[in-house]
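Read off the chains here:
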2 protein chains.
Amino acid sequence: MTVVTTYRQDALPARGNAGRMGTVTAASATRGRESKSRERRDQLAESALVTLGQLGYARTSLREIAQNSPFSHGFVHYYFADKTELITYCVRHYKRQCVTRYDTVVSESATAAELVERFADELVETIEQEAPMHRLWYDLRTQAMFDPALRPDALAIDATLQDMVARVLERYAELDGRSLAVPVAVAYPMLDGVFEQALLRHLSGVPDALTTLRATACTLLPRLLRVR
Amino acid sequence: MTVVTTYRQDALPARGNAGRMGTVTAASATRGRESKSRERRDQLAESALVTLGQLGYARTSLREIAQNSPFSHGFVHYYFADKTELITYCVRHYKRQCVTRYDTVVSESATAAELVERFADELVETIEQEAPMHRLWYDLRTQAMFDPALRPDALAIDATLQDMVARVLERYAELDGRSLAVPVAVAYPMLDGVFEQALLRHLSGVPDALTTLRATACTLLPRLLRVR
DNA sequence: CCCAACTCTTGACAGTCGTCACGACCTATC
DNA sequence: GATAGGTCGTGACGACTGTCAAGAGTTGGG
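Here's a quick rundown of the structure. (Residues numbered from 1 in each chain as written. Chains lettered and ligands numbered in written order. Predicted model: local features only at pLDDT ≥ 70, side-chain atom pairs only at ≥ 80, totals over all residues. Heavy atoms only, no water.)

**Details of the overall build of chain A**
Consideration 1: Secondary structure assignment for chain A yields nine helices and zero strands.
Consideration 2: Seen in sequence order, chain A has helices and strands lined up from the N terminus as α-α-α-α-α-α-α-α-α.
Consideration 3: The proportion of buried residues among the 228 residues of chain A is 51%.
Consideration 4: Across chain A, the fraction of contacts at a sequence separation of at least 24, relative to all contacts at a separation of at least 6, is 71%.
Consideration 5: For chain A, the exposed area adds up to about 10900 Å²; of that, 53% sits on carbon and sulfur atoms. (Helix = DSSP H or I, 4+ residues; strand = E, 2+ residues; numbered from the N terminus. Buried < 20%, exposed > 50% of the residue type's maximum accessible area, 1.4 Å probe, protein only. Contact = heavy atoms within 4.5 Å. Areas by Shrake-Rupley, 256 points an atom, 1.4 Å probe, with all protein chains shown as cover.)

Here's what the structure looks like:
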């Protein structure tokens, strides 16, 4: 069984106005349709992300997504050709808002010590507020180990998250007047592993999972800089 | 919908001789049956682990497991009451043989430098030889974030793996005459994150994923010890 | 040698899944 | 205001799932 994966533009619906559409119609009307179409897709993605975060990738059916949204299950297949197309669109949609998570920490911290503290706080707060979202991300990344169709997205998001960590660490090094002891490509998986473990333990009801995460971050970050 | 989870002994089959059986039968025959029952369960687990490693937790059906084994799909339900019972039994079965993975590295390395080299080699070899097994483990751990029934097993296996890493690192510190700079509870998630990232990249066809893993391990381990 | 218990296979049931065709509704254009 | 096309809900199909009942096949004890 061979699977042919075709890349589709994010803005174009699956079957809606996907075909030839600018034949006679005015360009303005087409643009109006396109924007409305994207709007619908984003509405559905927003709703689907909640369900996906609750149930996980495998247990979430298209019907369940539709049921937890103001739309019907036929609506889903009108705007998305496939289940995987919906999923990847949802995760890309989530990615956009996730990247800016630590930007204020980077821009507002005046000293290295302050940056560490605020970074650790933000780590904890992220789990407290968006634990379902993050387990969904880990779910997708793990499924990418099995399904080749998910790998480009998983690797791309990983790269984006690594860039996010890079901005934090490089600003931290700059504030402290030192340089990074390990490349970001090493530091990111390390921090990610610590974060993932804390997420699992937090979801499992381990009481001090988040306080441990905070302490770990505070002791770990200084060790990522070169000894003076 | 409430789900009642009942813990079952590993040695007892689901419905086979699980009921009252030692009424008139000789105890020796009962023991013989028990051992044969466990043998059957292990045979099925061995076969199921291959399928699970190929398809992943969600995509693997009981029929698929049976089809890739010399047994029928009814056989599965004769020895295992539930799908989750089969899965957890399989993973426990795998856990037993995984723990001893780095024991020779610990016992045979004469110097700290040799231990680092052999540990890094073993990391790479593990991915090369048992990538499907490890993505299955990551799959199960991620599913535990959603399904509470899997959490005890996931946390238990994580603890076992952490103990394994602890034996390596403590021996490494001993050989080098230094002490660990970070507790093992921090070092394990770090190394696990690096390993997980390398596994994903290796499965995704990134060419230098394993050589990068090896280099990372060699530079990371010395940084886990206190400065002299 | 027979009978009973154990072992395992076959077949089927109820439910859910992704997918799609059909038709109703709405909107805008002539 | 008729009409064509975009938009979306309803219903159904086929495939697949976990689960279980019923009955063959096998084994061992009397």
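Let us keep going from here.
**What to know about the relation of the copies chain B and chain A**
Consideration 1: Overlaying chain B on chain A yields an RMSD of 0.0 Å, the required transformation being a rotation through 180° with an accompanying axial translation of 0.0 Å. In short, the pair behaves as if placed about a two-fold rotation axis.
Consideration 2: Here 100% of the interface residues in chain B have copies in chain A that are interface residues too; the copies meet face to matching face. (Least-squares fit on C-alpha atoms with pLDDT ≥ 70 in both.)

**Quick notes on the pattern of salt bridges**
Consideration 1: Applying the stated criterion across every chain, the model contains 30 salt bridges over all chains.
Consideration 2: With a shortest N-O distance of 2.6 Å, Arg-101 of chain B and Glu-130 of chain B are connected by a salt bridge. Of this pair, Arg-101 of chain B sits in the loop between helix H4 (83-98) and helix H5 (103-108) while Glu-130 of chain B is found in helix H6 (residues 112-144), placing the two residues 29 residues apart along the sequence.
Consideration 3: The partly exposed category is assigned to Glu-130 of chain B, whose relative accessible area is 24%.
Consideration 4: Note that Arg-178 of chain B and Asp-176 of chain B form a salt bridge whose closest N and O atoms lie 2.8 Å from each other.
Consideration 5: Linked by salt bridges that have partners in common, Arg-141, Asp-158, Asp-192 and Glu-196 of chain A together with Arg-141, Asp-158, Asp-192 and Glu-196 of chain B make up one network. (Salt bridge = Lys/Arg side-chain N within 4 Å of Asp/Glu carboxyl O.)

**Observations regarding the protein's contact with DNA strand C**
Consideration 1: Lining the immediate environment of DNA strand C, one finds 19 residues, of which Arg-63 of chain A together with Arg-63, Ser-72, His-73 and Tyr-79 of chain B sit closest.
Consideration 2: Between Ser-72 of chain B and DNA strand C, the recorded distance is 2.6 Å, taken from a side-chain N or O atom to a phosphate oxygen.
Consideration 3: Here Tyr-78 of chain B contributes a side-chain N or O atom positioned 2.9 Å from a phosphate oxygen of DNA strand C.
Consideration 4: Those elements that place two or more of their residues in the surface near DNA strand C are helix H2 (62-67) and helix H3 (73-79) of chain A together with helix H1 (27-55) and helix H3 (73-79) of chain B.
Consideration 5: Per element, the largest residue contribution to the surface near DNA strand C is five residues, and it comes from H3 of chain B. (Near = heavy atom within 4 Å. Polar contact = N/O pair within 3.5 Å; in protein donor to acceptor, adjacent residues only side chain to side chain.)

**Side note on the protein's contact with DNA strand D**
Consideration 1: Taken together, 19 residues are adjacent to DNA strand D, and Arg-63, Ser-72, His-73 and Tyr-79 of chain A together with Arg-63 of chain B come closest.
Consideration 2: The share of sugar and phosphate among atoms of DNA strand D within 4 Å of the protein is 67%.
Consideration 3: At 2.6 Å from a base oxygen of DNA strand D is found a side-chain nitrogen or oxygen belonging to His-73 of chain A.
Consideration 4: Between DNA strand D and the protein, one listed contact pairs a phosphate oxygen with a side-chain N or O atom of Lys-83 of chain B at 3.1 Å.
Consideration 5: Broken down by secondary-structure element, the contributors of at least two residues to the surface near DNA strand D are helix H1 (27-55) and H3 of chain A together with helix H2 (62-67) and H3 of chain B.
Consideration 6: Per element, the largest residue contribution to the surface near DNA strand D is five residues, and it comes from H3 of chain A.
Consideration 7: For the surface near DNA strand D, a count of residues per class yields five nonpolar, eight polar and six charged. (Nonpolar A, V, L, I, M, F, W, Y, C, P; charged D, E, K, R; others polar.)

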